[in-house]
Structure formats: structure tokens, C-alpha cells
Amino acid sequence: MYSFFSSNAISIVGLALAVLSTQALGRKCHLTTTVSHRQNSACGYGSCIPGDTLIGSGALKIDNKVKWDGDGASYDNLSNGKGVDVDAGGVKFHIDPLGIPDAQDKPNCKVHIGNYVNIGKQDVDNIGLPGVMGKDFDCTHDWDC
């Protein structure tokens, strides 16, 4: 009788430790967002037609697997709009607008995860290629999700 209870107790303790260890490790979320403005003034054959390219994008990886590929992200939403609500892979969060690349020096990198605000890593790239000028705002966020 003693061996029956002790082996069951060991099994229960082992199961509890397995569950706790997987919860302690958790999943890793990695979010990247970008807002870009390009002013194209290149001339090819024929006339010179200046134009603008406006890009807003994002991607969420959970444990290195893409779970959100930027659906709902746009220049309007991510520059100075309402931001983007994301519900992907069992993770919900709101991306604040990064800002307008032509109007400010650095991006606003904030993601709201429930009551928690994750401040991301900021990066700014100034583009000065022949025929193309512009600025990129990039934000990178990492958290246990």
C-alpha cells in the first residue's frame, strides 16, 4: 500500500513540475514595425515625375514563427493614425502610431499589452540615394508572451 501512494505522489509531483516549467519558460514574442516615406525624383527615359511612396508594415513572431504579417498595418494607421490592434497566436496588443518620419526626429515605440506598456528599441534610417530621399522609422519589441 505504501508503494502505491508513494509512486502516485511522485507522478503527481512530476506532472506539476512539468507544467510549471513550461509556464516558466513561456513563449517569446518579437514584433517589428516600420513607417517609411520615400520621395522619388528620379528621371529615366522621358519626363521626370516626382512621387511619394508611403509604407507602414509590421510582423509578429512567436518562438520564431510568423503569427501576424502586418494585416491592418498601413502608413495611415502607423504614422499618425489610430495605431493597430493585433490578435494573433493567442496574443493581443495595440501598437501606438510611430509618428510621421518627415515631421519628427525619432519614432514613438509603444505597444500596449493589457495594462503593460512595452517600450521598444528605436531605429531611424535616412535614405539619400540618387533620385530617392526618405526616412524610415523602425521599432523592435521583445517580450515573454
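Predicted model, so just to flag it, every value in this text is computed and none were measured. (Residues numbered from 1 in each chain as written. Predicted model: local features only at pLDDT ≥ 70, side-chain atom pairs only at ≥ 80, totals over all residues. Heavy atoms only, no water.)

Colleague: Would you mind going over the pairing of strand β7 (residues 116-119) with me for this structure?
Modeller: Strand residues, when the strand is regular, have side chains that alternate between the two faces of the sheet. As defined by bridge partners, strand β6 (residues 110-113) adjoins β7 across 4 bridges and the pair is classed as antiparallel. By the bridge assignment, His112 is partnered in β7 with Val117. (Pairing = 2+ DSSP bridges. Helix = DSSP H or I, 4+ residues; strand = E, 2+ residues; numbered from the N terminus.)

Colleague: When you look at the pairing of strand β8 (residues 121-129) in this model, what are you seeing that I'm missing?
Modeller: With 9 bridges joining them, β8 and strand β9 (residues 132-144) adopt antiparallel strand pairing. Bridge pairing in β9 links Lys121 to Thr140.

Colleague: It is not clear to me how the confidence of the model for the protein should be interpreted in this structure. Could you clarify?
Modeller: Segments scoring low in pLDDT should not have their predicted coordinates read at a detailed level. Mean pLDDT over the protein stands at 83; residues scoring 70 or higher make up 77%. Here residues 4-24 is a poorly scored stretch, pLDDT under 50, and it has 0 contacts once near neighbours within four places are set aside; other chains count. (pLDDT = per-residue confidence, 0-100. Contact = heavy atoms within 4.5 Å.)

Colleague: Whenever I open this one, the environment of Val66 confuses me. Can you help?
Modeller: Considering the arrangement of structural elements, one finds Val66 in strand β3 (residues 65-68). Judged by its relative accessible area of 52%, Val66 falls in the exposed class. Measuring from C-alpha to C-alpha, the distance between Val66 and Cys29 comes to 9.9 Å, with 37 residues separating the pair along the chain. For Val66, the residues in contact, after removing those within four places along its chain, are Leu60 and Lys61. (Buried < 20%, exposed > 50% of the residue type's maximum accessible area, 1.4 Å probe, protein only.)

Colleague: Which parts of the structure should I look at to understand the sheet that holds β8?
Modeller: In sheet architecture, strand pairing relies on hydrogen bonds along the backbone and comes in two forms, parallel and antiparallel. Here we have 5 strands laid out as an open sheet, ordered β3-β2-β1-β9-β8, and antiparallel in their pairing. For this open sheet the edge positions go to β3 and β8, each flanked by a neighbour on one side alone. Direction aside, the axes of adjacent strands within the sheet are offset by 25° on average. With 13 bridges joining them, strand β1 (residues 28-40) and β9 adopt antiparallel strand pairing. If you follow His37 over to β9, its bridge partner there is Lys135. (Axes fitted to C-alpha atoms, helices over the stretch in contact; angles between N-to-C directions.)

Colleague: Sorry, what's going on with the pattern of salt bridges here?
Modeller: Pairs can form between side chains of opposite charge once their charged atoms are near each other. Going through the model one piece at a time under the given rule, you end up with 3 salt bridges. The closest approach of N and O atoms between Asp144 and Lys28, which form a salt bridge, is 2.5 Å. Taken together, the positions of Asp144 in strand β9 and Lys28 in strand β1 put the pair 116 residues apart, joining distant regions of the chain. The class of Asp144 is exposed, set by a relative accessible area of 54%. Classification of Lys28 as partly exposed rests on a relative accessible area of 47%. Taking the shortest distance from any N to any O, the salt bridge between Asp136 and Arg38 comes out at 2.5 Å. One end of the pair, Asp136, is in strand β9; the other, Arg38, is in strand β1, with 98 residues separating them in the sequence. (Salt bridge = Lys/Arg side-chain N within 4 Å of Asp/Glu carboxyl O.)

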